[in-house]
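# An overview of the molecular structure
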Protein chains: 2
Amino acid sequence: MELNLSEKHTSILEAAVAAIDARTFFAQYPENPLPEVYGENADKEGREKYKTHLNKQFTELLQQDPEAWVGQEDSPYEQQPLGIKYPYFATETLVSRAEEAFHQWRKVKPADRAALLIESLEQIKHRFFEIAYATMHTTGQAYMMSFQASGPHAADRALEAIASGYQEQTRYPEAITWEKPMGKYNLKLDKTWKAVPKGVALVIGCATFPTWNTVPGMYASLITGNPVIIKPHPKAVLPIAIVVAEVQKVLQANGLNPNICQLAVDADDHLITKELAENPKVKLIDYTGGTEFGNYVESLKGKTVFTEKTGVNSIILDSVEDLDKVAQNLAFSVNLYSGQMCTAPQNFFIPASGVKVAGETVPYEEVVKKIADAVTALANNPKAGPHILGAIQNPATIERVKESASIKGTTLLNSGDFSNPVFANARTCTPVIYEVDASEKESYSRELFGPIMLMIKTQDTDQSIALAQEMALNYGAISCGAYTTDPETKEKIMDEMSLAATPVSFNLTGGIYVNQNASFSDFHVTGGNPAGNASFTNPEFVIKRFTWVGFREPAMA
Amino acid sequence: MELNLSEKHTSILEAAVAAIDARTFFAQYPENPLPEVYGENADKEGREKYKTHLNKQFTELLQQDPEAWVGQEDSPYEQQPLGIKYPYFATETLVSRAEEAFHQWRKVKPADRAALLIESLEQIKHRFFEIAYATMHTTGQAYMMSFQASGPHAADRALEAIASGYQEQTRYPEAITWEKPMGKYNLKLDKTWKAVPKGVALVIGCATFPTWNTVPGMYASLITGNPVIIKPHPKAVLPIAIVVAEVQKVLQANGLNPNICQLAVDADDHLITKELAENPKVKLIDYTGGTEFGNYVESLKGKTVFTEKTGVNSIILDSVEDLDKVAQNLAFSVNLYSGQMCTAPQNFFIPASGVKVAGETVPYEEVVKKIADAVTALANNPKAGPHILGAIQNPATIERVKESASIKGTTLLNSGDFSNPVFANARTCTPVIYEVDASEKESYSRELFGPIMLMIKTQDTDQSIALAQEMALNYGAISCGAYTTDPETKEKIMDEMSLAATPVSFNLTGGIYVNQNASFSDFHVTGGNPAGNASFTNPEFVIKRFTWVGFREPAMA
């Protein structure tokens, strides 16, 4: 390992560990793509670098002897193939290389692993803009989200995993002398402990957040000494390929086997995820994606699994101070990345008797109309809409938005499309809103991924809470927004939603949204409901990746 | 809650938390049954109190309206029924009472739960001798082990679980203000977090260590806010029934529902464990016992499970300083409670070329003979043997010891019996020793519970290590003893056994044994091999019993 790498990054590591404990605001990587922070030409250079990848082989990886060159990415903005080809390796090759690398990596001390991994983030930082454009043209995210989610926010989540893993592996003394008084003499034992990594790790990425949802598990497995195989979604490879390449370069520069972190891209004619996941040498799996495949991953024997599947997220509207501000906040949450977020709200529970606004009851119809108007106004604002909604990653999402047959209710707002000022061919749509009665449970008991809002008319707030809890317990939930000015109702919502393991954001207005969560402070998918157990980053996220093993011996006199 | 209870026990809690972090020697409950510590008449009174339970209904529990009175315990020392009858409740009754109690218990703060649970240990302490006699006459343990394992050692493991659970639930601030600089203004959110308990917990006890193996899971679930149902082995109820009764009294005295901790005894005509385990309301299960049932428990969906199943524990003999001392140490480990311990050694790997003793090679045959002689001498010593071997809990163990057909090897030492100076009818046997060639893997690839030793002749120490690792990886291991004076060999053993997640005790002689482990310092069954994942008490043992849920709201200006 390069001299001074460990010392160089001590202050970052210590600040991150302190932030995890304090849970107050902390960010190592500034989220604002300012020239003053990232350099005058960083954006332009990033865009150009992104373009150099198109229609070429991606040759930055240090994995030797590919069997083929593969790739099937398309840009949701241009609706054209990116034409990038990545090296392809058979599952056996990937796993046996990981196994070999394991025996080197597991012997590197946690502090040194932390330094190496932080160094990789510092290198990746120089490529945030390039990664941002790669994210735009694979996921359809708008520019700002692409930059923030795939760049600084992902790097901060990675740093969080590094710091948490370092903290948990070093929480006990490496060696002590244990001295037991026996009356006439003391029994003395020298004791040591090792945090033993579990083995080969696999991270299965998703198409919408190719780095943000991948790097936490990737870095958590790495910091705890496990070699990792990154299997991105075949439609969103480039952003994470750049990340993996940077990790490999840091490993090699420090005399380590770059196969400690490998990229595994699907073949053009077959997907390799099941082969990898079922390989008995693979001991750890992180997965982000749909429920069906997630349940399959969770059912595999002999693996430690972390999942982020789908959720049915609720908004509970009881009473508010300023309905316009609430409507605007919710409109933003629904429009953001066209609802293609695991944290986006879907089910809006509103009492039939209406919502109290600063003490006066506003009828249900008016509340619903206000929200629908706010959604429309934002989506159709040519200066704001395209930068918030972005494009639609998967054509199936458009179909889901346009198709309403499976929902028993009234259409309050039809989905339209809008033009993107830069990309004439962008795949877009504006949100659709349905009104559904609380009795029509089948219509709202599943995730409708994309910009689909259901206004669910309930008897009262108690029913709203009960239904939000039921949805979370039975179908999973990753976020919940609640609006109430009544302390007792707030207490009840906290209590009932806590039993469904669902975090609640109360009374959000202004510049913070239910679908956003902050590294080092907000936990993400901590388990306890069917949405998964990804657990970014509470201690479970790292400690399940290694086993404590103790050694003892009589102490020398 | 009683005034001052929390304050009263703060120092115990703080000392226990500090001990967990330091891992140096700590014991809250003295292991020596000295009159100076426990009172002049404590032993005599305890024995008498034990006798008052015989042939009566156990009426101390605060669980109302039993459906029947049941009991099927026998004393391995007297080979007679104890005749104690316990209240019986249907599974539905137990689970619905636990659910009801849950909503009270989960709202008690972790610090208050800790105080209440420590108070229960302080009360149980006054009954250590009574519990000791109850343990003798259910498990067959000798007096000293009965006292230590079921009394102070169990209480210390319980305290360890309480302290660890308290520590993990309070490691983050309860509430903070999160302030994010946005350039011209700061975004401010008030945030709080709750450690939300998972729900009804079940602890399934074993017949040999009815309190030691039960209280860690029981107290770990309780400290994290889960109501618990204790299902003891039908042959070893009384020791834990006393413990549960004391917990219930403390709960009731402090205005809480005693059903927060219930005892569930099998009916005389059917076992209720599967009914309980499969109940969908049961979310957490701790299990100690055989592999087959343990695998069944682990296969249940939607449960968080902690198991301690069986292990195939190895001794690796390479080189020693003093063979006599080593033989005596190993003889004690094998004779202790007649090998009826999950940590007892079974497979002794010895190179065919012999063992280096202070630099000189001692032939294999001589090594084996020395160990066999030491085993015999200790077992047949009328002043020591009965106090170490105790009695045999299960008649099937005697059959296993006498039956050698399934082992392909030579009998080096036949099992005999010995008379107990106090109990003429005690069920006893001395250890049996077989010699098996390393090639006869089938003979040593399973746990042979009881005083059964296999001397396995290997090509060399490398093969010994490889086989010990293979046994641990494939069939589980909870302990490993290794003897080597060579630093490189020691390093290799540490490395290879760490990959099989097996703790190793090196070069033990004198008063410490491979089958003993110490609360607050030695981890026990941390996972990573098929012996289980009980994880006394690394953080996993407590944090998997609750879910972190966060709440946030714009901060008031």
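Residues numbered from 1 in each chain as written. Chains lettered and ligands numbered in written order. Predicted model: local features only at pLDDT ≥ 70, side-chain atom pairs only at ≥ 80, totals over all residues. Heavy atoms only, no water.

You'll find chain A entered in an unreviewed UniProt entry as Phenylacetic acid degradation protein PaaN, with Pontibacter arcticus given as the organism.

## Considerations on the overall build of chain A
Just so we agree on the cut-off: For the purposes of this entry, the term helix denotes a DSSP run of H or I that reaches at least four residues, the term strand denotes a run of E that reaches at least two, and both are numbered from the N terminus. Based on C-alpha atoms, the radius of gyration is set beside the globule rule, defined as 2.2 Å times the residue count to the power 0.38. Residue contacts are counted whenever heavy atoms from the two residues lie within 4.5 Å of one another. Methods summary: accessible areas were calculated by the Shrake-Rupley approach with a probe of 1.4 Å, and residue burial reflects only the protein chains presented.
The secondary structure content of chain A amounts to 20 helices and 22 strands. What you see for chain A is a C-alpha radius of gyration of 25 Å, in line with the 24 Å of a compact globule of 557 residues. Principal-axis analysis of the C-alpha atoms gives chain A an extent of 80 × 70 × 45 Å. In chain A, of all internal contacts separated by at least 6 residues, the share reaching a separation of at least 24 is 75%. With the model as given, the accessible surface of chain A reaches about 19,800 Å², and the carbon-plus-sulfur share is 50%.

## Points about the sheet that holds strand E20 (residues 480-483) of chain B
Where strands meet in a sheet, backbone hydrogen bonds hold them as pairs that are either parallel or antiparallel. Under the convention used in this document: Two strands pair if DSSP finds at least two bridges between them. Under this scheme, a helix contributes an axis fitted over its contacting stretch, all axes are lines through C-alpha atoms, and angles between N-to-C directions fall in the 0 to 180 degree range.
Pairing within the open sheet is mixed, and its 10 strands lie in the order E5(A)-E6(A)-E22(A)-E21(B)-E20(B)-E12(B)-E14(B)-E19(B)-E18(B)-E17(B). Strands with a single pairing partner mark the edges of an open sheet, and in this sheet they are strand E5 (175-181) of chain A together with strand E17 (410-413) of chain B. Pairs of neighbouring strands in the sheet enclose a mean axial angle of 25 degrees, with direction left out of account. Examined bridge by bridge, E17(B) and strand E18 (residues 432-437) of chain B share 3 bridges and lie antiparallel to one another. Bridge pairing links B:Leu413 to B:Ile433 in E18(B). Its contacts with the sheet place helix H18 (residues 461-475) of chain B against strand E12 (314-317), strand E14 (347-351) and strand E19 (452-458) of chain B, and it is angled at close to 160 degrees to E14(B).

## Points about the pattern of salt bridges
Rule in force here: We define a salt bridge as a side-chain nitrogen of Lys or Arg found within 4 Å of a carboxyl oxygen belonging to Asp or Glu. Buried, partly exposed and exposed residues are distinguished by accessible area as a fraction of the type maximum, computed with a 1.4 Å probe on protein chains only: under 20%, between the cut-offs, and over 50%, respectively.
In this structure the tally under the stated criterion is 58 salt bridges over all chains. A salt bridge links A:Lys369 to A:Asp373, with the nearest nitrogen and oxygen atoms 2.8 Å apart. Residue A:Lys369 and its partner A:Asp373 are located together in helix H14 (residues 364-379), separated by 4 residues, close to a single helical turn. By relative accessible area, A:Asp373 is classed as partly exposed at 39%. B:Lys49 is paired through a salt bridge with B:Glu130; the nearest N and O atoms lie 3.6 Å apart. Pair noted here: B:Lys49 is in helix H4 (residues 42-53) and B:Glu130 is in helix H7 (residues 128-139), with a separation of 81 residues, a long-range link.

## Topic: the domain arrangement of chain A
Residues and elements named next belong to chain A. Quick reminder of the rule: Domains are outlined according to an automatic or database domain assignment. Summed over both partners, the accessible area lost on bringing two parts together, with a 1.4 Å probe, is the buried area. Nitrogen and oxygen atoms within 3.5 Å of one another constitute a polar contact, given that in protein one can donate a hydrogen and the other can accept it, and given that sequence-neighbouring residues count only through two side-chain atoms.
The assigned domain composition of chain A is domain 1 (5-15 + 42-309 + 534-551) and domain 2 (314-506). Summed over both sides, the interface of domain 1 with domain 2 buries roughly 1,400 Å², with 63% coming from carbon and sulfur. Where domain 1 meets domain 2, there are 0 salt bridges. At the boundary of domain 1 with domain 2, the tally comes to 6 residue pairs in polar contact (both at pLDDT 80 or more). If one sorts the elements of the side of domain 1 that touches domain 2 by residue count, helix H7 (residues 128-139) sits on top with 4 residues.

## Quick notes on the relation of the copies chain A and chain B
One copy of the chain maps onto the other through a rotation about an axis followed by a shift along the same axis. Counted only if it meets this: We place the copies in one frame by least squares, fitting the C-alpha atoms of every residue whose pLDDT is at least 70 in both.
By a simple turn and slide, chain A fits onto chain B: the slide is 0.0 Å along the axis, the RMSD is 0.0 Å, and the turn is 180 degrees. In the structure described here, the two chain copies are related by an operation that fits a two-fold rotation axis. Within chain A, A:Glu540 has its C-alpha nearest the rotation axis, a separation of 3.6 Å.

## Focus on the pairing of strand E6 (residues 186-197) of chain B
Residues and elements named next belong to chain B. Relative to E6, strand E5 (residues 175-181) runs antiparallel, the two being bridged by 7 bridges. Residue pairing across strands places Pro-181 opposite Asn-186, the latter belonging to E6. Here E5 folds back onto E6 in antiparallel fashion, the turn holding 4 residues, of which Gly-183 has a positive phi close to 95 degrees. Taken together, the 9 bridges between E6 and strand E22 (residues 546-554) define a ladder with antiparallel strand orientation. If you follow Lys-194 over to E22, its bridge partner there is Val-549.

## Quick notes on the UniProt feature "domain: Aldehyde dehydrogenase" (unreviewed entry) in chain A
Put simply, the rule reads: UniProt positions are given in the numbering used here, feature names are shortened, and annotations may be inferred rather than shown by experiment.
The positions that UniProt labels "domain: Aldehyde dehydrogenase" (unreviewed entry) are, in the present scheme, residues 92-500 of chain A. For the annotated span residues 92-500 of chain A, helix accounts for 45% and strand for 20% of the residues, and the straight-line distance between the end C-alpha atoms is 41 Å.

## A few points about the packing of helix H18 (residues 461-475) of chain A against helix H19 (residues 487-499) of chain A
Pairs of packed helices are described in terms of their axes, by the angle between the two and the distance that separates them. Residues and elements named next belong to chain A. To keep things clear, this is the line we draw: An angle counts as roughly parallel when it lies under 35 degrees, as roughly antiparallel when it exceeds 145, as roughly perpendicular when it falls between 65 and 115, and as oblique in every other case. Note on convention: near helix rotated counterclockwise from far helix by under a right angle means a left-handed crossing. Clockwise means right-handed. Each residue is assigned to one class: nonpolar for Ala, Val, Leu, Ile, Met, Phe, Trp, Tyr, Cys and Pro, charged for Asp, Glu, Lys and Arg, and polar for all the others, Gly among them.
Viewed as axis vectors pointing N to C, H18 and H19 meet at an angle of 20 degrees, and their least axial separation amounts to 9 Å. Compared by their axis directions, H18 and H19 come out roughly parallel. Both H18 and H19 take part in a crossing whose hand is right-handed. Every residue of H19 that contacts H18 at Thr-461, Asp-462, Ile-465, Ala-468, Gln-469, Ala-472 and Leu-473 is listed here: Thr-489, Lys-492, Ile-493, Glu-496, Met-497 and Leu-499. The residue makeup of the contact of H18 with H19, split by class, is 7 nonpolar, 3 polar and 3 charged.

## Observations concerning the sheet that holds strand E9 (residues 261-263) of chain B
All names here are of chain B. With parallel pairing, the 5 strands of this open sheet are ordered in space as E9-E8-E7-E10-E11. Taken across any chain shown, the strands that pair with only one partner, and hence form the sheet edges, are E9 and strand E11 (304-308). Direction aside, neighbouring strands of the sheet carry axes that sit 15 degrees apart on average. Here strand E7 (residues 200-204) pairs with strand E10 (residues 282-288) via 5 bridges, running parallel.

## Remarks on the environment of B:Gln346
All names here are of chain B. As for its placement among the helices and strands, Gln-346 is situated in the loop between helix H13 (323-335) and E14. In this structure the C-alpha to C-alpha distance between Gln-346 and Gly-71, which are 275 residues apart in sequence, comes to 33 Å. Dropping the residues within four chain positions of it, Gln-346 is found in contact with Val-312, Asn-313, Tyr-444, Arg-446, Glu-447, Leu-448, Ile-452, Met-453 and Leu-454.

## Comments concerning the environment of A:Phe293
Residue and element names in this part refer to chain A. Mapping Phe-293 onto the fold places it in helix H12 (residues 291-299). Sequence separation between Phe-293 and Lys-309 is 16 residues, and the spatial gap between their C-alpha atoms is 8.6 Å. Here Phe-293 is in contact with Ile-204, Thr-273, Lys-274 and Tyr-287, once residues within four sequence places are set aside.

## Regarding the interface of chain A and chain B
Of the residues lining the interface, 70 residues belong to chain A; the matching set on chain B comes to 70 residues. Buried area between chain A and chain B, summed over both chains or domains, comes out near 6,000 Å², and the portion from carbon and sulfur atoms is 57%. Broken down residue by residue, the surface that chain A buries against chain B is led by A:Phe25, A:Tyr172 and A:Arg552, which jointly contribute 12%. Linking chain A with chain B are 12 salt bridges, by the criterion used here. Ionic pairing is found between A:Lys191 and B:Asp522, a salt bridge with its closest N-O pair at 2.8 Å.

## Some words on helix H8 (residues 143-169) of chain B
As a reminder of what qualifies: Expected helix span is given by 1.5 Å per residue-to-residue step, counting one fewer step than there are residues.
In a regular helix each residue adds 1.5 Å, so 27 residues correspond to 39 Å; H8(B) covers 38 Å between its end C-alpha atoms and thus fits that length. The buried count for H8(B) comes to 23 of 27 residues, which makes it a mostly enclosed element.

## Concerning helix H5 (residues 91-105) of chain B
Residues and elements named next belong to chain B. Put simply, the rule is: Our arc is simply the arc of the directions from the helix axis toward the C-beta atoms.
If you check H5, its first and last C-alpha atoms are 20 Å apart, about what 15 residues at 1.5 Å a residue would give, namely 21 Å. Listed in full, the buried residues belonging to H5 are Thr-91, Leu-94, Val-95, Arg-97, Ala-98, Ala-101, Phe-102 and Trp-105. When H5 is viewed along its axis, its buried side chains cluster within an angular range of 165 degrees and face the same direction. Pointing more than 90 degrees away from the buried face of H5 are the exposed residues Glu-92 and Glu-100.

## Observations regarding the packing of aromatic side chains
Residues and elements named next belong to chain A. The cut-off we apply is this: Stacked, tilted and edge-to-face pairs are distinguished by plane angle, under 30 degrees for stacked and over 60 for edge-to-face with tilted covering the rest, among Phe, Tyr and Trp rings (Trp via its six-membered ring) whose centres lie within 6.5 Å.
Here the structure, examined in full by the defined rule, presents 47 aromatic pairs over all chains. Between Phe-26 and Phe-520 the ring centres are 4.9 Å apart and the planes differ by 90 degrees, which places this aromatic pair in the edge-to-face class. Of this pair, Phe-26 sits in the loop between helix H2 (10-22) and helix H3 (35-38) while Phe-520 sits in the loop between strand E21 (504-506) and helix H20 (540-543), placing them 494 residues apart in sequence. Here Phe-26 matches Phe-520 in class, with each residue buried. Ring centres of Phe-546 and Trp-548 lie 5.5 Å apart, and the angle between their planes is 90 degrees; on these two criteria the pair is classed as edge-to-face.

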